[in-house]
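Residue-level listing of the chains:
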Amino acid sequence: MTSDKKYLLEKLQEKPSKKITETIIKYVGSDKKRFGELFKIFEETNGGISNRAAWALSYLVIEMPELIHPFFSKTISLLKTHGFHPAIYRNILRFLKEIKIPEKYQGKVYDACIDFFINTSNSIAVRAFSLYVIRKIAKQHPELKKELKIILEAQKEFDDNPAVKNVINKILPSLNKD
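What comes next is a walk through the structure. Worth saying up front: this structure is predicted, and the values here are computed from it rather than measured. (Residues numbered from 1 in each chain as written. Predicted model: local features only at pLDDT ≥ 70, side-chain atom pairs only at ≥ 80, totals over all residues. Heavy atoms only, no water.)

## Regarding the pattern of salt bridges
A full pass over the atoms with the stated rule returns seven salt bridges. We note a salt bridge from arginine 34 to aspartate 4, for which the minimum N-O separation is 3.3 Å. Placement of arginine 34 in helix α3 (residues 32-44) and of aspartate 4 in helix α1 (residues 3-13) is noted, with a sequence separation of 30 residues between them. Across the pair lysine 11 and glutamate 14 runs a salt bridge, and its minimum N-O distance is 3.3 Å. Classification of lysine 11 by relative accessible area gives buried; the value is 18%. Among the charged side chains, a salt-bridge network with shared partners connects Asp4, Lys33 and Arg34. (Salt bridge = Lys/Arg side-chain N within 4 Å of Asp/Glu carboxyl O. Helix = DSSP H or I, 4+ residues; strand = E, 2+ residues; numbered from the N terminus. Buried < 20%, exposed > 50% of the residue type's maximum accessible area, 1.4 Å probe, protein only.)

## Observations regarding the layout of surface pockets
Roughly 240 Å³ of volume is contained in the largest pocket. Together, 16 residues line the largest pocket, and Leu79, His82, Asp115, Phe116 and Asn122 are the ones closest to its centre. Put simply, the parts of the chain that give the lining of the largest pocket at least two residues each are α6 (86-98) and α7 (103-118). Per-element accounting of the lining of the largest pocket gives the leading share, four residues, to α7. Grouping the amino acids of the lining of the largest pocket by side-chain chemistry returns six nonpolar, seven polar and three charged. (1 Å grid on protein atoms, 1.4 Å probe; cavity = no way out; pocket = protein on both sides within 12 Å on 5 of 7 lines; lining within 4 Å. Points joined across faces, edges and corners; volume = space filled by probe spheres on them. Nonpolar A, V, L, I, M, F, W, Y, C, P; charged D, E, K, R; others polar.)

In structure tokens, the structure reads:
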């Protein structure tokens, strides 16, 4: 085990806090090797350690999107794998909402996000972040906007969650503008 991985694991085993997450973010910084070690921990561990690694990863990727490029395919595979803690999906979706998604992954991301959004058993954060990612992709592909409008109108009628309806009400008008 590398010293970087050992250090990161030690920090991730501490009681979760914003301070610990910030310490990890500062330690990794723009170092691609350290980011790779953090990604391996995220990918290979379970439970709280993986969740906390995902939290730090999401903020690192938002600040430095180039760090995720070598791991994009793996990230999309994780996004499409069922059974993870909602924090894993939430943190992946958080950074996908903020970064440019490579064209070759947009179809897979779009499909995964549609599935997350229409599944009412998913957490509100996962569903909301999914919807923002869906909108971002649909804005780049006008042929998807019509499909998305139909999905949102239907979901708006049948979804009884006020937070989801609020996000739908914010997104529908933005689809009509473009």
